[in-house]
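# What the coordinates show
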Amino acid sequence: MSDLQAPLRPKRKKGLVDFLVQFRWIFVIFFVLPFSTLYYFLIYLGDVRSEMKSYKQRQKEHDENVLKVVKRLKQRNPKKDGLVCTARKPWIAVGMRNVDYKRARHYEVDLSAFRNILEIDKQRMIARVEPLVNMGQITRVTVPMNLSLAVVAELDDLTVGGLINGYGIEGSSHIYGLFSDTVVAYEIVLADGRVVRATKDNEYSDLFYAIPWSQGTLGFLVAAEIKLIPVKEYMRLTYTPVVGNLQDLAQGYMDSFAPRDGDQDNPEKVPDFVEGMVYSPTEGVFMTGRYASKEEAKKKGNKINNVGWWFKPWFYQHAQTALKKGEFVEYIPTREYYHRHTRCLYWEGKLILPFGDQWWFRFLLGWLMPPKVSLLKATQGESIRNYYHEMHVIQDMLVPLYKVGDALEWVHHEMEIYPIWLCPHRLFKLPVKTMVYPEPGFEQHHRQGDTPYAQMFTDVGVYYAPGPVLRGEVFDGAEAVRKLEQWLIKNHSFQPQYAVSELNEKDFWRMFDADLYEHVRRKYGAVGTFMSVYYKSKKGRKTEKEVQEAEQAHLETAYAEAD
């Protein structure tokens, strides 16, 4: 794509919803932020209480809670009780997707007790945790031990279960893959009440490979064993500005972590962490990090930046200063670096609180940040929610690394959204074909970033109000998402299912591969018990009858072939 000229659009007439959105910050400051702070504090107290329990006590409670789930499932009458869902309220989930799927599912199972870290095994380098353990909770326990999950998603609120069943990534994913790639075992309660432990090499290996991206539609995840890695106290972070066109920015991004000689597994050439932010069609800053000891960080002349303090500039704005002062290096405490985007929700905080990045607000009220996403969703109402679906974009595009420049040009032409987040990740060549998989024959092309066993992809994170919306022009959000999804399908790319999707069923299975998923659903009795992943992701309201008829079709006929 070479023509970056954005299409001309007519002006849009503003209505009452525009006014409510524009001044929603008043409600956020006086209601959402105080209640969010109280909510976070209560959760913290619960986490501390959990950490004070012995391993045996936590394991005993876990076993008792699993038995409750099994008992509840066995009490279900499939003919009367309908499909199974968790009892978690729809607005609690982090993400923009409309969770109306719960309207079509009537038999609730409560998993709210599964939020304990069960064990940190330093010998096996494994953390065994329950699905509602979040990233803030796990790093608070592991980082003081100089340990960490291999992949730590940035936002504190993101849970293990969501990152496994859905989608999880971090700046270390160019080494370790997506969050689900770091899991070594799943404990699953199946539709018939059986409790199984699935690994990549036991009798449930098909289930093991099918769980990622399945959105909890194969069974209930009640525990996971996740890889740990040794870490140091600080992250030595290098900020490198790049100026040029979007293809130049994409190449600068690739060069920051992918050696042109193909030596992708050489730790001397490949940093521990990678992240990029594109601020305009001509400017970007790419950050590379390496773990550093306390002794190194505190050497004379080194700069330490505690980015986690409430009064500090928002991280993406701090990184942007490299465009003026050139490349620079600083040391950030490891846990603060992991959660660098939490306080401002990447740059979404600027839309929620237009002056939230100002020094006076950060100093006076910055300690209340961030607003709890679930409270924002619970209090926005139907009209505001629909407004955000049409006038706001929160999408991730998982594209092959060599197509990043094309993806940036497409986003600029169709949406004009900046900043754009870039984060590389490997898609591994697995023994079976999962829902998300590398391009066939990728290893024969020897492209930058690829290895014989994994193709390098990149998350192109598109989060903000599009340029036309900011200028008061007409913008069709649904049509833009449809175009985005067709571009992804055409370019062997993927869309995480937390986002609002316009895909019909045929196109959904053109984007994702259905074979293993459908095989496992039939084998382990999920069909007729759990809603299929397409219907769970589908936009809009679903009725019980609609879903049950679709499930029955899966039982009677072979699944529709992908185009």
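Model, not experiment: these values are computed from the prediction.

### What to know about the overall build of the chain
- Scanning the chain for helices and strands turns up 24 helices and 15 strands.
- Relative to the globule expectation of 24 Å for 563 residues, the C-alpha radius of gyration of the chain, 23 Å, shows essentially globular dimensions.
- Principal-axis analysis of the C-alpha atoms gives the chain an extent of 65 × 60 × 60 Å.
- The 563 residues of the chain split such that 60% are buried.
- Here the chain has roughly 23,900 Å² of accessible surface; of this, 55% comes from carbon and sulfur atoms.
- Mean positive and mean negative side-chain charge positions of the chain (74 and 70 charges, respectively) differ by 5 Å.

### Observations concerning the pattern of salt bridges
- A full pass over the atoms with the stated rule returns 31 salt bridges.
- Between Arg115 and Asp47 there is a salt bridge, with its nearest N and O atoms 2.7 Å apart. Of the two residues, Arg115 is situated in the loop between strand E2 (107-109) and strand E3 (117-121) and Asp47 in helix H2 (residues 24-52); the sequence distance between them amounts to 68 residues.
- The exposure class of Asp47 is buried, given its relative accessible area of 3%.
- Within this structure, Asp121, Arg124, Arg197 and Glu225 form a network of salt bridges that share partners.

### Things to note about the domain arrangement of the chain
- Partitioning the chain into domains gives domain 1 (55-230) and domain 2 (386-500).
- The centre of domain 1, based on its C-alpha atoms, is set 26 Å off from the matching centre of domain 2.
- Between domain 1 and domain 2, the contact holds 21 residues from the first and 27 residues from the second.
- Buried surface at the junction of domain 1 and domain 2, both sides included, amounts to about 1,900 Å², of which 69% is carbon and sulfur.
- Counting every contact that joins domain 1 to domain 2 gives 0 salt bridges.
- On inspection of domain 1 and its partner domain 2, the count reaches 7 residue pairs in polar contact (both at pLDDT 80 or more).
- Per element, the largest residue contribution to the side of domain 1 that touches domain 2 is 4 residues, and it comes from helix H7 (residues 173-176).
- Residue classes in the side of domain 1 that touches domain 2 are distributed as 9 nonpolar, 8 polar and 4 charged.

Parameters at a glance
- Residues numbered from 1 in each chain as written.
- Predicted model: local features only at pLDDT ≥ 70, side-chain atom pairs only at ≥ 80, totals over all residues.
- Heavy atoms only, no water.
- Helix = DSSP H or I, 4+ residues; strand = E, 2+ residues; numbered from the N terminus.
- Rg over C-alpha atoms; globule rule 2.2 N^0.38 Å.
- Buried < 20%, exposed > 50% of the residue type's maximum accessible area, 1.4 Å probe, protein only.
- Areas by Shrake-Rupley, 256 points an atom, 1.4 Å probe, with all protein chains shown as cover.
- Lys, Arg positive; Asp, Glu negative; His and termini not counted.
- Charge placed at Lys NZ, Arg CZ, Asp CG, Glu CD.
- Salt bridge = Lys/Arg side-chain N within 4 Å of Asp/Glu carboxyl O.
- Domains from an automatic or database assignment.
- Contact = heavy atoms within 4.5 Å.
- Buried area = accessible area lost by both parts, 1.4 Å probe.
- Polar contact = N/O pair within 3.5 Å; in protein donor to acceptor, adjacent residues only side chain to side chain.
- Nonpolar A, V, L, I, M, F, W, Y, C, P; charged D, E, K, R; others polar.

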